[in-house]
Amino acid sequence: MEPARGSAASGRIRRWLAGWGLKEWRRAGLVAVLVATAAFGGLDTVNKEITDIKVGEQFDTGRFEMTVLRATLVDEVRAGERRIFGPKPGRRYLGLVTKVHNTSTLPGPVAQPVELVGLTGAVNLAAIRLADGTLSMSLGPGLTDDVVLMWDVPSDVVSVGAQLPVRISKEVRKINATVGQGWVSSLTDYAQLSVPVGGGR
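Residues numbered from 1 in each chain as written. Predicted model: local features only at pLDDT ≥ 70, side-chain atom pairs only at ≥ 80, totals over all residues. Heavy atoms only, no water.

**Q** How would you explain the confidence of the model for the protein if you had to name every residue and give the values?
**A** Averaged over all residues, the pLDDT of the protein equals 83, while 73% of them reach at least 70. Low confidence marks residues 36–45, where pLDDT is under 50. Its contacts with residues over four positions away, or in another chain, come to five contacts. (pLDDT = per-residue confidence, 0-100. Contact = heavy atoms within 4.5 Å.)

So this is what it looks like as structure tokens:
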């Protein structure tokens, strides 16, 4: 009598599984967990950490301690008599005044963790020191400064009196074989706040 095909297939599977090591079993277990998580709709919320903060409240990104103080919308940006960014048709300048302290051992770009949410057409510009209007792309280790994070925005996407949604991401220190040490912004771990937009002073 010819042996059942199912029995032969089962025998091959048992022999194949018997050759598995610890690495293969761990991988199979991880796949099973992910499949079960996805089946119950859990992948969208895995490891997601969102912190609600207010204007004037500090948030630690891991590299910077950042405190958003206010938002301002203007037609041009000046430091005393010196013009930094001039008027442009159909565009305005949105500034987010922020106190920043670098707690890491490396200099870093202060604008990297900060994102304007849902503001279509916004173009990130160089940050400006509030004290003297000089461009401030990077803040050194241990230093604290008041900076204005700047965006060039379409004139019809935000107005004075509006509430500006802002996201500040946590940052993770990474080591890259090519460029050395650096920081990467998290996509799932961040603070969010709403900032009232004021006009120029």
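**Q** Let's hear about the packing of aromatic side chains: which residues, and what values?
**A** Under the criterion given, the structure shown has one aromatic pair. Taking 5.6 Å as the distance between ring centres and 25 degrees as the angle between the ring planes, the aromatic pair formed by Phe85 and Tyr93 counts as stacked. Phe85 sits in the buried class, given a relative accessible area of 18%. In this structure, Arg167 packs its charged tip against the face of Tyr190, placed 4.1 Å from the ring centre. Residue placement shows Lys170 over the ring face of Phe59; its charged tip is 5.3 Å from the ring centre. (Phe/Tyr/Trp six-rings, centres within 6.5 Å; stacked < 30°, edge-to-face > 60°. Buried < 20%, exposed > 50% of the residue type's maximum accessible area, 1.4 Å probe, protein only. Lys NZ or Arg CZ within 6 Å of the ring centre and 35° of its normal.)

**Q** Describe the layout of surface pockets, naming the residues involved and giving the relevant values.
**A** Approximately 500 Å³ is the volume found for the largest pocket. Every element with two or more residues in the lining of the largest pocket is listed here: β3 (64–74), β4 (77–79), β6 (91–102), β10 (128–129), β12 (144–154) and β14 (180–199). Grouping the amino acids of the lining of the largest pocket by side-chain chemistry returns 11 nonpolar, seven polar and six charged. (1 Å grid on protein atoms, 1.4 Å probe; cavity = no way out; pocket = protein on both sides within 12 Å on 5 of 7 lines; lining within 4 Å. Points joined across faces, edges and corners; volume = space filled by probe spheres on them. Helix = DSSP H or I, 4+ residues; strand = E, 2+ residues; numbered from the N terminus. Nonpolar A, V, L, I, M, F, W, Y, C, P; charged D, E, K, R; others polar.)

**Q** How would you explain the side chain of Asp145 if you had to name every residue and give the values?
**A** Looking at the secondary structure, you find Asp145 in strand β12. A polar side-chain atom of Asp145 sits 2.6 Å from a polar atom in the side chain of Arg129. (Polar contact = N/O pair within 3.5 Å; in protein donor to acceptor, adjacent residues only side chain to side chain.)

**Q** Any chance you could break down the pairing of strand β5 (residues 82–85) for me, citing the residues and the numbers?
**A** When β4 meets β5, the two strands line up antiparallel, connected through three bridges. Residue pairing in the sheet places Val77 in a bridge with Phe85 of β5. In textbook terms, the turn of a hairpin is the stretch between consecutive antiparallel strands, and for β4 and β5 this stretch comprises two residues, one of which, Gly80, has a positive phi near 65 degrees. (Pairing = 2+ DSSP bridges.)

**Q** Report on the pattern of salt bridges, specifying residues and quantitative values.
**A** The tally for this structure, following the rule as stated, stands at nine salt bridges. With its nearest N and O atoms 2.9 Å apart, the salt bridge here joins Arg92 to Asp75. Here Arg92, found in strand β6, pairs with Asp75, found in the loop between β3 and β4; they are 17 residues apart in sequence, far enough to count as distant. Judged by its relative accessible area of 43%, Asp75 falls in the partly exposed class. For Arg129, the salt bridge is made with Asp145, and the minimal N-O distance between the two is 2.6 Å. (Salt bridge = Lys/Arg side-chain N within 4 Å of Asp/Glu carboxyl O.)

**Q** Residue-level account of the nonpolar core, with values.
**A** Grouped together as the largest cluster of nonpolar side chains are 29 residues, with contacts concentrated most on Leu96, Leu149, Leu164, Val166 and Ile168. Elements that contribute at least two residues to this core include exactly β3, β6, β8 (114–116), β12, β13 (163–176) and β14. If one sorts the elements of this core by residue count, β3 sits on top with five residues. The contact partners of Leu96, leaving out residues within four places of it in the chain, are Val68, Arg70, Ala71, Val114, Val147, Val148, Leu149, Trp151, Leu164, Val166 and Val195. Judged by nonpolar contacts, the second largest core, of 10 residues, contains Ile84, Phe85, Val97 and Met150. (Core = buried A, V, L, I, M, F, W, Y, C linked by side-chain atoms within 4.5 Å.)

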